[in-house]
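Below, each chain spelled out in residue letters.
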Amino acid sequence: MCRWLAYSGSPIPLDTLLYKPEHSLIDQSQHAEMGAETTNGDGFGIGWYPTDPVEEQTPGRFRGILPAWSDLNLRDLAEHIRSPLFFAHVRASSGTAVQETNCHPFRHERWLWMHNGSVRDFATMRRDLLLAVDPALYPHVQGTTDSEALFYLALTYGLRDDPVTAVERAVGFVEATAARHGIQDPVQMTVATTEGERIWAFRYSSAHRSRTLFYSRDVTDLRALHPEVENLRRIPDGARLVVSEPLGVLPDAFVEVPESSYGVIYRGQDQMSDFNPR
């Protein structure tokens, strides 16, 4: 479907992770190894928070419909933007149009959201799902994807106050709606969302066969184990990464997120718990 990464730590240039690793996100846009498709060329997006945030400032965002590997503006921006928290996403459409408003990450106020996966038979359920979006939020829906619909359902169910419960309720509502339409196993997702301080990452599917998701080990320990790897010296102490698939060949650099679970990353610390749609 898609490939994505989320970073939290001391500010770094975005190209440190988008371009420089052996199996970077840009490489994955052409040569994904663990996704449903090898190529993820239906657009891309980055979302980032400034190094000196201003209260209530929305995150920056750049999206495009070209394949990520051929967009020179993306390469230039990635070299010059430094951020302590950023999202990046390369898209493989599951059927909706290749247009800028359908590219991730999606943004509302200070929140970013990106998704890998799909809502099965979304066209059949789209009207029911969007009618459940808070009327005050509905005018902000710009695209036609299941991913954006899921984001606005989560916002409707209280993402800004209790992200885990909101996503559990949004997914539960999609599954209940699918059951009314006779649609089996409707949800397939890995999702990341943030308000600029914490990152919440979710791995879940109705069939309990979810897309891959990994988080990085402590970089200080990895440097001690692999002093020969130059890329590890570019990553600050305490940094955390969540990725659709690992960025390099080190077998011990990333740990797979368990099925039906979520993690929270905050200031170099992380915790993990079960994810239970309701």
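Described in the following lines is the structure provided in the data block. (Residues numbered from 1 in each chain as written. Predicted model: local features only at pLDDT ≥ 70, side-chain atom pairs only at ≥ 80, totals over all residues. Heavy atoms only, no water.)

Topic: the overall build of the protein
Within the protein one finds 8 helices and 13 strands. Here the C-alpha atoms of the protein give a radius of gyration of 18 Å, agreeing with the 19 Å that 2.2 N^0.38 yields for 278 residues. Expressed along its principal axes, the backbone C-alpha trace of the protein runs to roughly 55 × 40 × 35 Å. The buried share of the protein, reckoned over its 278 residues, is 55%. Across the protein, every contact between residues at least 6 apart in sequence was considered, and the portion connecting residues at least 24 apart equals 70%. Total accessible area computed for the protein in this model is approximately 12000 Å², and 47% of it derives from carbon and sulfur atoms. A gap of 2 Å separates the mean positions of the 26 positive and 37 negative side-chain charges of the protein. (Helix = DSSP H or I, 4+ residues; strand = E, 2+ residues; numbered from the N terminus. Rg over C-alpha atoms; globule rule 2.2 N^0.38 Å. Buried < 20%, exposed > 50% of the residue type's maximum accessible area, 1.4 Å probe, protein only. Contact = heavy atoms within 4.5 Å. Areas by Shrake-Rupley, 256 points an atom, 1.4 Å probe, with all protein chains shown as cover. Lys, Arg positive; Asp, Glu negative; His and termini not counted. Charge placed at Lys NZ, Arg CZ, Asp CG, Glu CD.)

Structural notes on the packing of aromatic side chains
Scanning the entire structure with this criterion turns up 9 aromatic pairs. Taking 6.3 Å as the distance between ring centres and 55° as the angle between the ring planes, the aromatic pair formed by Tyr157 and Phe173 counts as tilted. One end of the pair, Tyr157, is in the loop between α5 (146–156) and α6 (163–180); the other, Phe173, is in helix α6, with 16 residues separating them in the sequence. The exposure class of Phe173 is buried, given its relative accessible area of 19%. Members of the aromatic cluster, joined through ring pairs, are Phe202, Tyr204, Tyr262 and Phe275. The ring of Tyr266 is capped by Arg198, whose NZ or CZ atom sits 4.0 Å from the centre of that ring. (Phe/Tyr/Trp six-rings, centres within 6.5 Å; stacked < 30°, edge-to-face > 60°. Lys NZ or Arg CZ within 6 Å of the ring centre and 35° of its normal.)

With respect to α5
What sets the pattern is the α-helix's 3.6 residues per turn: residues three or four places apart point alike. In terms of burial, α5 is a largely internal element, 10 of the 11 residues being buried. Turning to α5, its buried residues number three or more, namely Asp146, Ser147, Glu148, Ala149, Leu150, Phe151, Tyr152, Leu153, Ala154 and Leu155. Taken together, the buried residues of α5 touch β5 (106–108), β6 (111–119), α4 (122–131), α6 and β7 (187–194). Positive phi appears at Gly158, one or two residues downstream of α5, with a value of about 105°.

Some thoughts on the environment of Leu5
Looking at the secondary structure, you find Leu5 in strand β1 (residues 2–13). Taking the C-alpha atoms as reference, Leu5 lies 27 Å from Leu130; in sequence the two are 125 residues apart. Beyond its immediate sequence surroundings of up to four residues, Leu5 is in contact with Leu17, Leu18, Leu25, Phe86, Phe87, Ala88, Met114, Leu241, Val242 and Val243.

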